[in-house]
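# Remarks on the overall topology
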Amino acid sequence: MRVIRLIVAAMLIIGVAGCASKFKSYNGPEVTQIVVNKGARRMYLLHHTEVLEAYDIGLGFSPNGDKKISGDGRTPEGNYLIDRRNPNSEFHLSIGINYPNEADIAEALAMGKSPGGDIFIHGRPKKYRKGGRDWTAGCIAVTDREMEKIYAMVRNGTPISIQP
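Right, let's walk through the structure included here.

What counts, and at which threshold
- Residues numbered from 1 in each chain as written.
- Predicted model: local features only at pLDDT ≥ 70, side-chain atom pairs only at ≥ 80, totals over all residues.
- Heavy atoms only, no water.
- Polar contact = N/O pair within 3.5 Å; in protein donor to acceptor, adjacent residues only side chain to side chain.
- Helix = DSSP H or I, 4+ residues; strand = E, 2+ residues; numbered from the N terminus.
- Pairing = 2+ DSSP bridges.
- Buried < 20%, exposed > 50% of the residue type's maximum accessible area, 1.4 Å probe, protein only.
- Lys, Arg positive; Asp, Glu negative; His and termini not counted.
- Salt bridge = Lys/Arg side-chain N within 4 Å of Asp/Glu carboxyl O.
- Contact = heavy atoms within 4.5 Å.
- Core = buried A, V, L, I, M, F, W, Y, C linked by side-chain atoms within 4.5 Å.
- Axes fitted to C-alpha atoms, helices over the stretch in contact; angles between N-to-C directions.
- Phe/Tyr/Trp six-rings, centres within 6.5 Å; stacked < 30°, edge-to-face > 60°.

### Quick look at helix α2 (residues 102-110)
Between the side-chain oxygen at the start of α2 and the backbone nitrogen of alanine 103 there is a gap of 3.1 Å, and the oxygen is on asparagine 101. Taken from the residues just after α2, glycine 112 is the one with a positive phi, measuring 75°.

### A closer look at the pairing of strand β1 (residues 33-37)
Looking down a regular strand, the side chains alternate between one sheet face and the other. Relative to strand β2 (residues 42-47), β1 is paired through five bridges, and the arrangement is antiparallel. From the neighbouring strand, valine 36 faces β2, where its bridge partner is methionine 43.

### A few points about the side chain of aspartate 104
Looking at the secondary structure, you find aspartate 104 in helix α2. Nearest to the buried, unbridged aspartate 104 among oppositely charged side chains is lysine 68, at 7.1 Å. Every residue in contact with aspartate 104, bar those within four places of it in the chain, is listed here: Tyr80, Tyr99 and Pro115.

### Regarding the pairing of strand β3 (residues 50-56)
Sheet analysis places β2 next to β3, joined by six bridges and oriented antiparallel. Along β3, the bridge assignment pairs arginine 42 with aspartate 56. Connecting β2 to the next strand, β3, in antiparallel fashion are two residues, including histidine 48 with a positive phi near 60°.

### Topic: the nonpolar core
Nonpolar side chains in soluble globular proteins generally cluster together in the buried interior. Ranked by internal contacts, the top residues of the largest apolar core, which has 26 residues, are Ile34, Met43, Ile97, Ile121, Ile140, Ile150 and Ile160. For this core, the elements supplying multiple residues, two or more each, are β1, β2, β3, β4 (78-86), β5 (94-97), β6 (119-122), α3 (144-153) and β8 (159-163). The contact partners of isoleucine 97, leaving out residues within four places of it in the chain, are Tyr80, Leu81, Ile82, Asp83, Arg84, Ile119, Phe120, Ile121, Ile140, Ile160 and Ile162.

### Comments concerning α3
When you tally the buried positions in α3, you get seven out of ten residues, the bulk of the element. Of the residues making up α3, those classed as buried are Asp144, Met147, Glu148, Ile150, Tyr151, Ala152 and Met153. For α3, the elements touching its buried residues are β2, β3, β4, β5 and β6.

### What to know about the sheet that holds β3
Sheet architecture is open: eight strands sit in the order β3-β2-β1-β8-β4-β5-β6-β7, paired in mixed fashion. Since the sheet does not close on itself, it has two edges, and those belong to β3 and β7 (140-141), each with one partner. Here β6 pairs with β7 via two bridges, running parallel. The partner of isoleucine 121 across the bridge, within β7, is isoleucine 140. Strands in contact with α3 are β2, β3, β4, β5 and β6; relative to β3, the strand with the most contacts, it is inclined by about 145°.

### Things to note about the environment of cysteine 139
Locating cysteine 139 in the fold gives a position in the loop between β6 and β7. Its relative accessible area of 9% is what places cysteine 139 among the buried residues. Sequence separation between cysteine 139 and isoleucine 97 is 42 residues, and the spatial gap between their C-alpha atoms is 9.1 Å.

### Comments concerning the packing of aromatic side chains
Summed over the entire model, instances satisfying the criterion amount to three aromatic pairs. Geometrically, the ring pair formed by tyrosine 80 and tyrosine 99 is edge-to-face, given 6.0 Å between the ring centres and 65° between the ring planes. Pair noted here: tyrosine 80 is in strand β4 and tyrosine 99 is in the loop between β5 and α2, with a separation of 19 residues, a long-range link. This pair shows no difference in class: tyrosine 80 is buried, exactly as tyrosine 99 is. Consider the rings of phenylalanine 91 and tryptophan 135, whose centres lie 6.0 Å apart with planes at 45°: the pair is tilted. Highlighted residues: phenylalanine 91 in the loop between β4 and β5 and tryptophan 135 in the loop between β6 and β7, separated in sequence by 44 residues. Taking relative accessible area as the criterion, tryptophan 135 reaches 15% and is therefore assigned buried.

This is the structure we're talking about:
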């Protein structure tokens, strides 16, 4: 009887551990575009014109206006692509946005500055939960649980439109 209890307990532990994975699967409609409305602090995952998911978001610590230079705390505005994934991100999981583009680089260089980079959609780990809504260096933040779903749904090459 004791052996059976140990086996059942081990199976429960293994089953619960498997459910805790940050890597989810997704078998629904393809996400064909991401739309971010900075003013409303909302992000939409779309299949053509159909909204599949909508999320409240946090932005850079100085959210008003378009990102111009490194360190300005702004989230870029414009049309970009999802171009990379980081399963080991400091921010739980993250998907990269191909900022800066050629126009962003030229604009920053005209000011004698760097445009910055490393703009991601990512989670919000515990050490950053005490900050306000807009706390990133220019990225788009969601909860860790939401990021797990987004990471599963969005593929590299997906267009993202970041609007004021």
